[in-house]
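Understanding the architecture of this molecule
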There are 2 protein chains.
Amino acid sequence: MTLDALPPHQGGAEQLARLLAQALLTGHWQPGDTFPRELDIGKHFAVSRNQVRNALTSLSAAGLLERTAGRGTLVREMGDWHLLDPLMSEWMTGLVNLDPQLVRAIYAFRFSAEPVVAGLAAQAAEAEDLERLERAFAGMENTAGSVDARDEHAEYDVAFHDATYRASHNLVWRQMGHLLRPSIMALIHGSQHRTDTLDDSLARHRQVLDAIRNRDVSAAETAAREVLRRTAIDLGIVS
Amino acid sequence: MTLDALPPHQGGAEQLARLLAQALLTGHWQPGDTFPRELDIGKHFAVSRNQVRNALTSLSAAGLLERTAGRGTLVREMGDWHLLDPLMSEWMTGLVNLDPQLVRAIYAFRFSAEPVVAGLAAQAAEAEDLERLERAFAGMENTAGSVDARDEHAEYDVAFHDATYRASHNLVWRQMGHLLRPSIMALIHGSQHRTDTLDDSLARHRQVLDAIRNRDVSAAETAAREVLRRTAIDLGIVS
DNA sequence: GCTTGTTAAAATGTCAGACATTTAATAGAC
DNA sequence: GTCTATTAAATGTCTGACATTTTAACAAGC
């Protein structure tokens, strides 16, 4: 695959990295393919070799590429991607045609993990955590109706789940909050946003919040599972 | 804190990155401190500015440092560390004086997550996965007795748990296998390695293996919890 | 013919030095 | 005192040359 199909870019190695990463994430190149050479990339996008190298360094740190002196740059397979790298989440966010296999994998992870996290949150949450959860939930409520606040609503949704992970008061789980963004953002494009489904989603989130506030571990686990069941429907994973 | 307390190094930006990372991980610098300047580091270790920049790029990608043009390099706090970055696991492995708070956090994560993973493995494991688990378990058995095979035993232990994560057949959980290494390696230095505790540990691992083989989800969850209870004792987290 | 060693080409990796940009502190004008 | 230039110090970027690694081609020798 060549570079010609990619859009132009403007300014900064980060931009270039995002551009190339998103091309890789949407299957623009096949695993095992040789990636274009540094000099060709630089010539194509009219940037210095430095910028190219900085971008490629990020991509290989994220497990998307494998570079070896003398041989060149190879595209790695999905199983080697560092899905938990925050940079990855940033690159995946806003991608419309994310690989369905990946969306399903992330969802399946959340479905197995998030009930546990909600349970931990119910045990460990402090006042500060509850405030964060309530703020996020209030934001979701306020933006539920209007069509042109969809992005904002998604941000509050992300904030709610992230607050749940943080409330677990575990450094490792907390890191995982990054992973939520692309999964939730995919909802915007995937679901119908009918009023009744939104109301349903809100009600389920409220139950998570209440369970955590009441320090009811098993209720939090159940409620989290219910939220994700709703999510699965909206994502089109189940009907 | 100065660079003088650090051991010398030989060759490669990776070595330098490991050296500095381990210094940061053991609290050589406090969060908020300003890290030495590029030129000073280069002069101290007699390496080019390039090498220093490559090393610092890794460290800031892992969330250990925050660099801003003009201001300098700041040391970030533990909550910002990317604990799930594979590089981090590599750096943490072999550290004797890892921060106890960190060891506890990783253990708490495993205690909440690994039962779920074992349950998923019981659902999804295929022949290939069972072979991996059995090979690892056999290795643990063979190396259980001798004192000079402790490192090898730990490797098989890591391999067993990693195989469990892989057997879940979920891309996200699989990535998390990296996190196990430092946690398990810490056991080598922390525990007494008496014969009876080793036998006990082996028996519990065997139950995980059997449960997965029998596709018994709840038995796998229980068995994984038992393994981790043993681990907690060996780590000195509980008595 | 098969192996082995040599050479050449192509790719990434490294170096060195100049320059750019950003930030913070400092001195000066009003 | 406050605002504004100026300066210093740090990281970021560019450029061109060179180093190293890998692969492939090719020739020499048995």
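Above this text is the structure in question.
Our subject in this report is the structure included herewith. Every residue gets a number counted from 1 within its own chain, in the order that chain's sequence is written. Following the order in which they are written, the chains are lettered starting with A and the ligands numbered starting with 1. Reporting of local features is limited, given that this is a predicted model, to residues whose pLDDT is at least 70; pairs of side-chain atoms are given and counted only at 80 or more, and all residues count toward the totals for whole chains, interfaces and linings. Side-chain measures were taken over the full set of non-hydrogen atoms in the model, leaving aside hydrogen atoms and water.

A word on helix α11 (residues 217–235) of chain B. Residue and element names in this part refer to chain B. Between the first and last C-alpha of α11 there are 27 Å, a value that for 19 residues agrees with the 27 Å anticipated at 1.5 Å per step. Only protein chains enter the accessibility calculation, which uses a 1.4 Å probe; a residue is then buried when its area is under 20% of its type maximum, exposed when over 50%, and partly exposed in between. Numbering of helices and strands runs from the N terminus, with a helix taken as a DSSP run of H or I at least four residues long and a strand as a DSSP run of E at least two residues long. Buried within α11 we find Ala-220, Ala-223, Ala-224, Val-227, Leu-228, Arg-230, Thr-231, Ala-232, Asp-234 and Leu-235. For this analysis, a polar contact is any N or O atom pair within 3.5 Å, provided that within protein one partner can donate a hydrogen and the other can accept it, and provided that sequence-adjacent residues contribute only side-chain to side-chain pairs. The backbone nitrogen of Ser-218 has a side-chain oxygen 3.5 Å away, supplied by the residue at the start of α11, namely Asp-216. Looking one or two places after α11, you find Gly-236, whose phi comes out positive at around 80°. In a helix, the anticipated span is given by 1.5 Å times the number of residues less one.

This brings us to the pattern of salt bridges. What makes a salt bridge here is a side-chain nitrogen of Lys or Arg within 4 Å of a carboxyl oxygen of Asp or Glu, nothing more. The final tally for this structure, using the stated rule, is 34 salt bridges over all chains. Residue Glu114(B) is joined to Arg110(B) by a salt bridge in which the shortest nitrogen-to-oxygen separation is 2.9 Å. One end of the pair, Glu114(B), and the other, Arg110(B), are both in helix α5 (residues 100–124), four residues apart, so they sit about a helical turn from each other. As far as burial versus exposure is concerned, Glu114(B) and Arg110(B) are alike and both buried. Across the pair Asp200(B) and Arg230(B) runs a salt bridge whose closest N-O atoms are separated by 2.6 Å. Note that Asp200(B) is positioned in helix α10 (residues 195–213) and Arg230(B) in helix α11, a separation of 30 residues in sequence. Using a relative accessible area of 23% as the deciding quantity, one classes Asp200(B) as partly exposed. By relative accessible area, which is 11% here, Arg230(B) ends up buried. Three or more residues are tied together by salt bridges with common partners; here these are Asp200(A), Arg204(A), Glu226(A), Arg229(A), Arg230(A) and Asp234(A).

So, on to the protein's contact with DNA strand D. Within the structure, DNA strand D sits among 18 residues, and Ser48(A), Asn50(A), Gln51(A), Arg37(B) and Arg49(B) are positioned closest to it. Proximity criterion: a residue is near a molecule or strand once any of its heavy atoms comes within 4 Å of it. Of what DNA strand D places within 4 Å of the protein, 65% of the atoms are sugar or phosphate. For DNA strand D, a phosphate oxygen lies 3.2 Å from a polar atom in the side chain of Gln51(A). Within the side chain of Arg53(B), an N or O atom sits 3.0 Å from a phosphate oxygen of DNA strand D. Among the elements that make up the surface near DNA strand D, the one with the highest residue count is helix α3 (residues 49–61) of chain A (four residues). Charged residues are taken to be Asp, Glu, Lys and Arg, nonpolar residues to be Ala, Val, Leu, Ile, Met, Phe, Trp, Tyr, Cys and Pro, and polar residues to be all remaining types, Gly included. When grouped by side-chain class, the residues that make up the surface near DNA strand D number two nonpolar, nine polar and seven charged.

A word on the protein's contact with DNA strand C. The immediate surroundings of DNA strand C are formed by 18 residues, with Arg37(A), Arg49(A), Ser48(B), Asn50(B) and Gln51(B) found nearest. Among atoms of DNA strand C positioned within 4 Å of the protein, sugar and phosphate together represent 68%. Arg49(A) places a polar side-chain atom, nitrogen or oxygen, 2.8 Å from a base nitrogen of DNA strand C. Between DNA strand C and the protein, one listed contact pairs a phosphate oxygen with a side-chain N or O atom of Ser48(B) at 2.5 Å. Secondary-structure elements contributing two or more residues to the surface near DNA strand C are α3, β1 (65–68) and β2 (72–75) of chain A together with α3 (49–61) of chain B.

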